[in-house]
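Take a look at the letters that make up each chain.
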Amino acid sequence: MNFTNTTIGLASDHAGFEFKEFIKKHLEQRGLSYIDFGAGSTERNDYTDYAHPLGKAIKNGEIELGIALCGTGNGMAMTLNKYAPVRAGLAWTVDIAKLVSAHNKANVLVIPARFVTQDEVTRIVDAYLDTPFEGGRHLERINKITTGV
């Protein structure tokens, strides 16, 4: 993993709830702890209600890493990326999850729940968590994101 604090923040809307619950079990099997920011059911709700608390927790230094899910993943990613220093990366394949980690050092993995299977979710999460950041030219780009230059 690219981060020192191994507590992972989790957030989903109704579309991602069942995968979030599955991810919790998967993280436990890996020996990782998590904080669940919601949702608490498959009843219709707004992704923003759960993305904001996750983004604030990262901004305030309570956690370093998160996994978020909503129908397309875009709403979660857009909301989370409002918070510096969040770098939320959207991934729906193993290869993209690896690149989000290796090239972008994303501190939040966002998964589009309506476009992946349970088996794919496991592999995407593992690829994201197990792929180290490559640094080098990618660090230069991340610094440009942070400084706006």
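All values derive from a computational prediction rather than experimental measurement. (Residues numbered from 1 in each chain as written. Predicted model: local features only at pLDDT ≥ 70, side-chain atom pairs only at ≥ 80, totals over all residues. Heavy atoms only, no water.)

**Considerations on the side chain of K24**
Put simply, the rule is: Comment: elements are numbered from the N terminus, with helices defined as DSSP H or I runs of at least four residues and strands as E runs of at least two. Partly exposed describes any residue whose relative accessible area lies between the buried limit of under 20% and the exposed limit of over 50%, with all areas from a 1.4 Å probe on protein chains only and scaled to the type maximum. Whether two residues touch is decided by their heavy atoms; if any such pair falls within 4.5 Å, the residues are in contact.
With respect to the helices and strands, the residue K24 is situated in helix 1 (residues 17–29). The exposure class of K24 is buried, given its relative accessible area of 13%. For K24, the contacting residues outside a window of four places in its chain are L10, Y34 and D36.

**Some thoughts on the sheet that holds strand 1 (residues 8–12)**
Heads up, the rule is: Between any two strands, at least two bridges found by DSSP are needed for them to pair. Orientation is described by lines fitted to C-alpha atoms, with helices fitted over the stretch in contact, and by angles between N-to-C directions that extend from 0 to 180 degrees.
Ordered in space as 2-1-3-5-4, the 5 strands form an open sheet in which the pairing is parallel. At either end of the open sheet lies a strand with only one pairing partner, and these are strand 2 (34–36) and strand 4 (88–90). Between one strand axis and the next, the sheet turns by 20° as a mean value, whatever way the strands run. The pairing of strand 1 with strand 3 (residues 65–70) spans 5 bridges and is parallel. Its bridge partner lying in strand 3, S12 is registered against L69. With respect to the sheet, helix 1 is in contact with strand 1, strand 2, strand 3 and strand 5 (108–112), its orientation differing from that of strand 1 by roughly 160°.

**Description of the nonpolar core**
Across soluble globular proteins, you tend to see nonpolar side chains buried next to one another. Selection rule: In this description, a nonpolar core means a group of buried Ala, Val, Leu, Ile, Met, Phe, Trp, Tyr and Cys residues linked to one another through side-chain atoms lying within 4.5 Å.
Grouped together as the largest cluster of nonpolar side chains are 23 residues, with contacts concentrated most on I23, I67, I111 and V125. If one sorts the elements of this core by residue count, helix 5 (residues 118–130) sits on top with 6 residues. Once residues within four sequence positions are removed from consideration, I23 is found in contact with L10, I67, L69, I111, V121 and V125. Among the nonpolar cores identified, the runner-up in size contains 19 residues, and F37, C70, A77 and L80 belong to it.

**Some thoughts on unusual backbone geometry**
Following G38, the chain continues to A39 via a peptide bond in cis, the omega torsion being 5°. Assignment of secondary structure puts A39 in the loop between strand 2 and helix 2 (48–59). Note that the residue after A84, namely P85, is joined by a cis bond; omega there is 10°. Within the secondary structure layout, P85 lies in the loop between helix 3 (74–80) and strand 4.

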